[in-house]
Amino acid sequence: MSDTRPPDGDGTATSDDPTLATQRPVVPADGDVDSSRAQPEPDVAPSGGPALGTTERTSPDVVLAIDIGGTKFAAGLVTARGELIDRARVEVEQDVVPEAHYTSLADMVEGLIERARDQHGAKVRAVGVGAAGPVSRGFETVSPVNIPAWRNFPLRARLQDTTQLPVFGDLDAKALALAEGWLGAAQGHPNFCALTVSTGVGGGVVLDGELLDGATGNAGHIGHIIVEPGGRRCGCGAQGCLEAEASGLAIEAITGRPPTEPTYEIMQRTGRLVGLAAASVCNALDLSIVVVGGSVALGFAATFFHSAQVTLDEYAKLPYSRGARITPSRLADSGPLIGAGAVGWRGLRRSRRGVL
Ligand SMILES: [Zn+2]
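Residues numbered from 1 in each chain as written. Predicted model: local features only at pLDDT ≥ 70, side-chain atom pairs only at ≥ 80, totals over all residues.

K.L.:
What exactly am I supposed to notice about the sheet that holds strand E9 (residues 289–293) here?
P.N.:
Strands belonging to one sheet form pairs held by backbone hydrogen bonds; the direction of such a pair is parallel or antiparallel. Taken together, the 5 strands give an open sheet; going across it, the order is E8-E7-E6-E9-E10, and neighbouring strands pair in mixed fashion. At either end of the open sheet lies a strand with only one pairing partner, and these are strand E8 (210–211) and strand E10 (325–328). In the sheet, strand E6 (residues 192–197) pairs with strand E7 (residues 201–207) via 6 bridges, with the strands oriented antiparallel. Bridged to Leu195 within E7 is Gly203. Where helix H6 (residues 264–285) meets the sheet, it contacts E6, E7, E9 and E10, and its direction lies at approximately 145° from that of E9. Relative to the sheet, helix H7 (residues 295–315) contacts E6, E9 and E10, its axis offset from that of E10 by approximately 170°. (Pairing = 2+ DSSP bridges. Helix = DSSP H or I, 4+ residues; strand = E, 2+ residues; numbered from the N terminus. Contact = placed C-beta atoms within 7 Å. Axes fitted to C-alpha atoms, helices over the stretch in contact; angles between N-to-C directions.)

Now the structure itself:
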């Protein structure tokens, strides 16, 4: 197993089928889609056979992908090739009761299931969710840190009731790592770390083609690597975590300005801190590529990435980590939904094989 496509995570994915790697252009069915998703066929055969050699005109199987963020819920339809053929979003209202949040999510989900059938002629096979943490093991409950009304909210069971479909979920940062390995900047790399630097800092690690879960499902929380001993107090209780120094919230607290109005110094510093964490991860886990996305990192652009790379070069000196690269995510704003779709496709295949 030397391929992270598709986001299977258990090392038993089928090999590439060259007959499927056709790079066909995608013909979106309406305007609100990401038509940049024309990608080689992933080695996903959701119905157990080479059912993916289809054209855009036949009924595609899709996963209903849901991204539970701090300020919005987004949903989309993701084919087995990772094409996002439709999407919708709704803002998360603050200060409402748990059921109000769920109703707005369920309305959007039901609308997309209708559109899958009526506008796309698509069959929804499962629901895949990427959620802001923390989540409980098995994704039974979610407690997204920025949605205070949801504490131990039984999202999986509720979505299953609403959709009558199998529901699979994972942390949003891990979902994004799956997406990067499937179709993004880590495509073809069996070993990598994906890092999101936005309001918070999240991450996911793929080793030997498998997304790491860890004892409680939280492996890859790169945001809590210490980069500034004795530094700012982190939400986790420690001091000087990457998240406490380099997240959007931290930058705002440190500079008094939103991360959309950065100084050169703060862009450089943030890059350096991310580079430090990346070096530790590459040294510890034998990685040669770190994919970084998120609004802060991508917004700081070349200044950030240059500074991160210089720092990584400075601290990744082992024979296997020397030359490690930091590279920007290629999935832009489609990443979270592609990642949630990946979680759904992976869950379907695992459940068929009895791997849970
Ligand atoms: Zn921390």
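K.L.:
Looking at this structure, I do not really get the nonpolar core. What am I missing?
P.N.:
The tendency in soluble globular proteins is for nonpolar side chains to be buried as a group. One finds Leu64, Ile66, Leu242, Val274, Ala277, Ala278 and Val290 to be the most contacted residues of the largest nonpolar core, which totals 98 residues. Summarising the domain contributions, this core has at least three residues from each of domain 1 (1–183 + 341–356) and domain 2 (185–329). With sequence-adjacent residues up to four places away left out, Ala278 is seen in contact with Val290, Ala308, Leu312 and Ile326. (Core = buried A, V, L, I, M, F, W, Y, C linked by C-beta atoms within 7 Å. Buried ≥ 20, exposed ≤ 12 C-beta atoms within 10 Å, placed from the backbone. Domains from an automatic or database assignment.)

K.L.:
Explain helix H8 (residues 335–353) to me, please; I cannot follow it from the model alone.
P.N.:
The periodicity of an α-helix, 3.6 residues per turn, causes residues three or four places apart in sequence to face the same way. Under the 1.5 Å per step criterion, the end-to-end length of H8 is 27 Å for 19 residues, consistent within 8% with the ideal 27 Å. The element H8 is largely enclosed, with a buried count of 15 among its 19 residues. Note on H8: the residue one or two positions beyond its end, Gly354, has a positive phi of about 75°. (Expected span 1.5 Å × (residues − 1).)

K.L.:
What's the story with unusual backbone geometry in this structure? I'm lost.
P.N.:
Residue Gly133 is joined to Pro134 through a cis peptide bond whose omega torsion reads -5°. Structurally, Pro134 is set in the loop between strand E4 (123–131) and helix H2 (155–163). Despite not being glycine, Asp95 shows a phi value in the positive range, around 60°. Along the polypeptide, Asp95 turns up in the loop between strand E3 (84–91) and helix H1 (98–118). Within the chain, Ala301 stands out as a residue other than glycine whose phi angle is a positive 50°. The class for Ala301 is exposed, based on 12 C-beta atoms found within 10 Å.

K.L.:
Can you help me understand the pairing of E6 in this one?
P.N.:
Residues in a regular strand point their side chains to alternate faces of the sheet. Along E6, 6 of the 6 residues are buried, which leaves the element largely enclosed by surrounding structure. Burial of E6 is two-sided: the residues Phe192, Ala194 and Thr196 facing one way and the residues Cys193, Leu195 and Val197 facing the other way are all buried. The hairpin formed by E6 and E7 contains 3 residues between the paired strands. Of the pairings in the sheet, the one linking E6 to E9 comprises 4 bridges and is parallel in character. Residue Leu195 lies in a different strand from E9, and its bridge partner there is Val292.

K.L.:
Explain the packing of H1 against H2 to me, please; I cannot follow it from the model alone.
P.N.:
For any two helices packed against each other, the geometry is given by the interaxial angle and the distance between the axes. Relative to each other, H1 and H2 sit at 40°, their axes nearing to 11 Å. Between H1 and H2, the crossing angle belongs to the class labelled oblique. Two packed elements cross with a definite hand, and for H1 against H2 that hand is right-handed. When H1 is examined against H2, the residues Tyr102, Ala106, Val109, Glu110 and Ile113 are found in contact with a partner set consisting of Arg158, Thr162 and Thr163. (Parallel < 35°, antiparallel > 145°, perpendicular 65-115°, else oblique. Left-handed = near helix turned anticlockwise from the far one by under 90°.)

K.L.:
How should I be thinking about helix H3 (residues 172–183) in this particular structure?
P.N.:
Given a rise of 1.5 Å per residue, 12 residues ought to cover 16 Å, and the 16 Å separating the end C-alpha atoms of H3 matches this to within 8%. Most of H3 sits inside the fold, with 12 of its 12 residues counted as buried. All of the buried residues along H3 are Asp172, Ala173, Lys174, Ala175, Leu176, Ala177, Leu178, Ala179, Glu180, Gly181, Trp182 and Leu183.

K.L.:
Help me out: how do you make sense of the sheet that holds strand E5 (residues 167–171) in this one?
P.N.:
If you trace the 5 strands from one edge of the open sheet to the other, you get E3-E2-E1-E4-E5, paired in mixed fashion. Where the open sheet ends on each side, the last strands, each with one partner, are E3 and E5. When strand polarity is set aside, the average angle formed by the axes of neighbouring strands in this sheet is 20°. As judged from the 7 bridges shared by strand E2 (residues 72–79) and E3, these two strands associate in the antiparallel manner.

K.L.:
Before we go on, may I ask you to explain the environment of Leu211 in this structure?
P.N.:
Among the structural elements, Leu211 can be located in strand E8. You can call Leu211 buried: it has 25 C-beta atoms within 10 Å. In this structure, the C-alpha to C-alpha distance between Leu211 and Pro190, residues 21 residues apart in sequence, is 9.6 Å.

K.L.:
Before we go on, may I ask you to explain the confidence of the model for the protein in this structure?
P.N.:
The predicted coordinates of low-pLDDT regions are not to be read in fine detail. Per-residue confidence for the protein gives a mean pLDDT of 85; residues scoring 70 or more make up 83%. Long-range and interchain partners of residues 1–56, a stretch whose pLDDT sits below 50, account for 115 contacts in this model, where long-range means more than four residues apart. (pLDDT = per-residue confidence, 0-100.)

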